[in-house]
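Take a look at the letters that make up each chain.
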Amino acid sequence: MALIGLILYCSVYICVLFGGFCSAGDPFANFDLVFDYLTVSPLGVPQQVIAVNGKFPGPVLNVTTNYNVVVNVKNKLDESLLITWPGVEMRRTSWQDGVIGTNCPIPANWNWTYQFQVKDQIGSYYYAPSINFQRASGGFGGFVITNRKVIPLPFNTPDEDIVITIGDWYTRTHKDLRASLDSGKDLGMPDGVLINGKGPFKYNSSVPDGIKHETINVDQGKVYRVRVVNVGVSTCLNFRIQSHNLLLAEAEGHYTSQQNYTSLDIHVGQSYSFLVTMDQNASSDYYVVASARFVNQSEWQRVTGVAVLHYSNSKGPASGPIPDPPNDGNDNSFAVNQAMSIRMNNTASGARPNPQGSFRYGSINVTDVYTLRNVPPLTIDGKLRATYNGISFVNPNTPIMLADTYKLKGSYKLDFPNTPQNRPPTIDRSLINATYKAFVEIILENNDTVVQSFHMDGYSFFVVGMAYGEWTENSRESYNRWDAIARSTTQVFPGGWTAILVYLDNVGAWNLRTVNLDRWYLGQETYMRVIDPEDEDQKTEVPPPDNILFCGALAHFQKPQRTSSASFSIRESLKLNFTLMMGFFAVTYMML
């Protein structure tokens, strides 16, 4: 018993070193991720991409509900780096969120260790760079949180998991792309669509020779959980597998009412799990397709990703035309109806024994209403910028959480308008002064010409309404107040609106943004500052980690980091300390 007590003491010691945010009784999952440049030719043209551990895309990180996740990041790029974890609801710790408004960037040739707990979560997510337009060159990978074995799945356990990343792709580097935006130019049409970092299978003569495509190997009769995430720059992609039904099972950490789709639109930043039964006769391989949506199809035909689904007993290669995308033409209702057909499974348990749908959001009174309206990029002070409510956000020199901890004044303003204002657009550091434990309605109005994705860090929200046209007070009558899907990223169609409901119970500074990388880079974002007013010392918020980085007005606090091969990462240091302590206590115990 004494030895068990010593082991628990050591676990608590590790948690203290990491700033107090972990549960000593929950397991740790440790990862080392090295971000570096790599030359590959996904579309037949040699180009520099951002690889993770020498892979493009990066490795899939697999953890289990309630795990404490420790990710040691080594930045071997020639510029600063931040990694964010969209959809992972970090409780009370926006210190680990990995966006420039809350975290100082990791300098080139530095290590930095993320530590967070995936408490009460399951589902399909991803990680990606959040600054310097780097996501356009890679640096992304899947992030999977599996349920604990004591919590049953709302479907039979699949035979295997398959993670697929899809996304539009440019052969220009992220530096060239951001230089185009800086000079006031549009990015133009992407050069293609990648599936798992590879270009299209040669399904017709328009595909150049020598392009390496992705092959997904399966066995006849098995059921696979196919997790698909759109990690692209700005293009919605329609995903489909020739001759196979996609039984939707989960969307960004929430089990869905199970229904079959022949294809599904996956917007930038969104992720889904499908149950796919390999029930075909394997007379040949089958196409896996990701093609651009809401564009001129004839002009964008070459911007199509095609992989191959290969049965182990296949009798020949895939051939013939690829399966068609939805034939909705000018029918705006198809895309909206498909989006709103995705419903929550209110009888399924998620990460906890109690049903996810037990939170009766439809009967809760809304306490605050925000309308966020965007318009096409425009020139402000001689620069091309994008806005919400006429404000183009510029990140503070000293991140929000750091400024609050050190009581710096003037780093940002808590005056973001609740509704669009009739005034000239401006560039500002304006945040939403949110009310802790408020139940909030946010109406997203897209007055731009392109479909956009909206994302909220730190939370899942209920997507209760969506339509083309102008939102009015009467639009609330169409809201789904019973089984709307909860997720962290939703689409907003051009000339339309989307309404979400969210309970603000997670203190911190949380980023609200468009996931479309060009609009995000141009300033279409803000932050929601959530503070517990009854906690004067802000003890409900996790304190800054011991390995905190300093920048801006506090840059003088930053100590140099050793970069020699002899230097230890924080995780390695903890392992060494733990090993030494365990050895010491074991010897002590034997002497008792």
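What you see is a predicted model, and the numbers here were worked out from it, not measured in a lab.

A count of helical and extended segments in the chain gives six helices and 33 strands. Buried positions account for 57% of the 592 residues belonging to the chain. Intrachain contacts of the chain at a sequence separation of at least 6 include 78% that bridge at least 24 residues. About 24,000 Å² of surface is accessible on the chain, with carbon and sulfur atoms providing 51% of the total.

Glancing now at the pairing of strand β1 (residues 28-40). As judged from the eight bridges shared by β1 and strand β4 (residues 68-75), these two strands associate in the parallel manner. Counted as the bridge partner of L33 is V73 from β4. Here six bridges tie β1 to strand β2 (residues 47-52), and the two strands are oriented antiparallel to one another. Along β2, the bridge assignment pairs V40 with Q47. Between β1 and β2, which follow one another and run antiparallel, lie six residues, and G44 among them has a positive phi close to 90°.

Note that N66 resides in the loop between β3 (61-64) and β4. Along the backbone, N66 and G25 are 41 residues apart, and their C-alpha atoms lie at a distance of 9.6 Å. Excluding residues within four positions of it along the chain, N66 makes contact with D26, Q117, V118, K119, D120 and R148.

The phi angle of most residues is negative, glycine excepted, and most peptide bonds adopt the trans form. The omega torsion of the bond from F56 to P57 falls at -5°, within 30 degrees of zero and hence cis. Although it is not a glycine, N196 sits at a positive phi angle of roughly 55°. Secondary-structure assignment places N196 in the loop between β10 (192-195) and β11 (215-218). You will see that A282, though not glycine, has its phi angle at about 60°, which is positive.

Interpretation of the predicted coordinates at a detailed level should be avoided for regions scoring low in pLDDT. In the predicted model, the chain carries a mean pLDDT of 90, and 89% of its residues have values of at least 70. A low-confidence stretch, residues 1-21 (pLDDT under 50), is modelled with 41 contacts involving residues beyond four sequence positions or located in other chains. Between residues 564-592, whose pLDDT stays under 50, and residues either more than four places distant or in other chains, the model counts 31 contacts.

Right, let's talk about the pairing of strand β30 (residues 489-492) for a bit. Because side chains alternate across β30, one face comprises the buried residues T489 and Q491, and the other comprises T490 and V492, equally buried. In terms of strand pairing, strand β27 (residues 452-456) meets β30 through four bridges, oriented antiparallel. Looking at β30, one finds that H455 is bridged to T489.

Another point: the sheet that holds strand β18 (residues 286-292). In spatial order, the strands read β11-β19-β18-β13-β16; together these five strands make up an open sheet with mixed pairing. Strands with a single pairing partner mark the edges of an open sheet, and in this sheet they are β11 and β16 (264-266). Pairwise comparison of adjacent strand axes, ignoring direction, gives a mean angle of 25° for this sheet. Relative to strand β19 (residues 304-311), β18 runs antiparallel, the two being bridged by six bridges. Along β19, the bridge assignment pairs V288 with A307.

Okay, the pattern of salt bridges next. Tallying each qualifying case throughout the model produces 22 salt bridges. With a shortest N-O distance of 2.6 Å, D161 and R227 are connected by a salt bridge. A residue pair is termed long-range when its members are at least 10 positions apart, and D161 in strand β9 (residues 160-169) and R227 in strand β12 (residues 223-230) qualify at 66 residues. In this structure, the salt-bridge partner of R487 is E252, at a minimum N-O distance of 2.6 Å. Of this pair, R487 sits in strand β29 (residues 486-487) while E252 sits in the loop between β14 (246-251) and β15 (254-261); the two residues are 235 residues apart in sequence, bridging distant segments of the chain. Judged by its relative accessible area of 3%, R487 falls in the buried class. Under the relative-accessibility criterion, E252 is labelled buried at 2%.

Attention now goes to the nonpolar core. Judged by nonpolar contacts, the single largest core of 125 residues is most densely connected at W85, Y114, F143, F274, I442 and F454. With sequence-adjacent residues up to four places away left out, W85 is seen in contact with L61, V71, M90, Q96, D97, Y114, F116, Y126, Y127 and F143. Within the second largest apolar cluster, twelve residues are counted, among which are F56, Y126, L194 and V231.

Let's shift gears to helix α3 (residues 332-340). Residues A335, V336, Q338, A339 and M340 constitute the buried set of α3. On its buried face, α3 is in contact with β15, β16, β28 (461-468) and β30.

The next subject is the packing of aromatic side chains. Scanning all chains against the criterion turns up 24 aromatic pairs. Through a chain of ring-to-ring contacts, three or more aromatic side chains come together here, namely W85, W112, Y114, F116, Y127 and F143. Its end group placed over the ring of F294, R293 keeps NZ or CZ at 4.8 Å from the ring centre. Between the NZ or CZ atom of R513 and the centre of the ring of W520, over which it lies, the distance is 4.4 Å.

With that settled, the discussion passes to helix α2 (residues 174-182). Within α2, the full set of buried residues consists of H174, L177, R178, S180 and L181. Around the axis of α2, the buried residues are gathered within 150° of arc, so they sit on the same side. Buried residues in α2 make contact with β1, β2, β22 (383-385) and α5 (517-521). Looking one or two residues past α2, G184 carries a phi angle of roughly 90°, positive in sign.

Here we have five strands laid out as an open sheet, ordered β25-β33-β32-β27-β30, and mixed in their pairing. Each end of this open sheet is capped by a strand with a single partner; those strands are β25 (432-435) and β30. Adjacent strand axes in the sheet meet at a mean angle of 25°, parallel and antiparallel pairs treated alike. In this sheet, strand β33 (residues 525-531) lies alongside β25 in parallel orientation, the contact comprising four bridges. Bridging across to β33, I432 finds its partner in M528.

This next bit is on the side chain of Q47. Within the secondary structure, Q47 sits in strand β2. A relative accessible area of 5% means that Q47 is categorised as buried. Separated by 2.9 Å, the side chains of Q47 and W169 make a polar contact. Not counting the four nearest positions on each side in its chain, Q47 is found in contact with L38, T39, V40, P42, W169, Y170, T171 and R172.

Rules used in this analysis
- Residues numbered from 1 in each chain as written.
- Predicted model: local features only at pLDDT ≥ 70, side-chain atom pairs only at ≥ 80, totals over all residues.
- Heavy atoms only, no water.
- Helix = DSSP H or I, 4+ residues; strand = E, 2+ residues; numbered from the N terminus.
- Buried < 20%, exposed > 50% of the residue type's maximum accessible area, 1.4 Å probe, protein only.
- Contact = heavy atoms within 4.5 Å.
- Areas by Shrake-Rupley, 256 points an atom, 1.4 Å probe, with all protein chains shown as cover.
- Pairing = 2+ DSSP bridges.
- pLDDT = per-residue confidence, 0-100.
- Axes fitted to C-alpha atoms, helices over the stretch in contact; angles between N-to-C directions.
- Salt bridge = Lys/Arg side-chain N within 4 Å of Asp/Glu carboxyl O.
- Core = buried A, V, L, I, M, F, W, Y, C linked by side-chain atoms within 4.5 Å.
- Phe/Tyr/Trp six-rings, centres within 6.5 Å; stacked < 30°, edge-to-face > 60°.
- Lys NZ or Arg CZ within 6 Å of the ring centre and 35° of its normal.
- Arc of directions from axis to C-beta.
- Polar contact = N/O pair within 3.5 Å; in protein donor to acceptor, adjacent residues only side chain to side chain.

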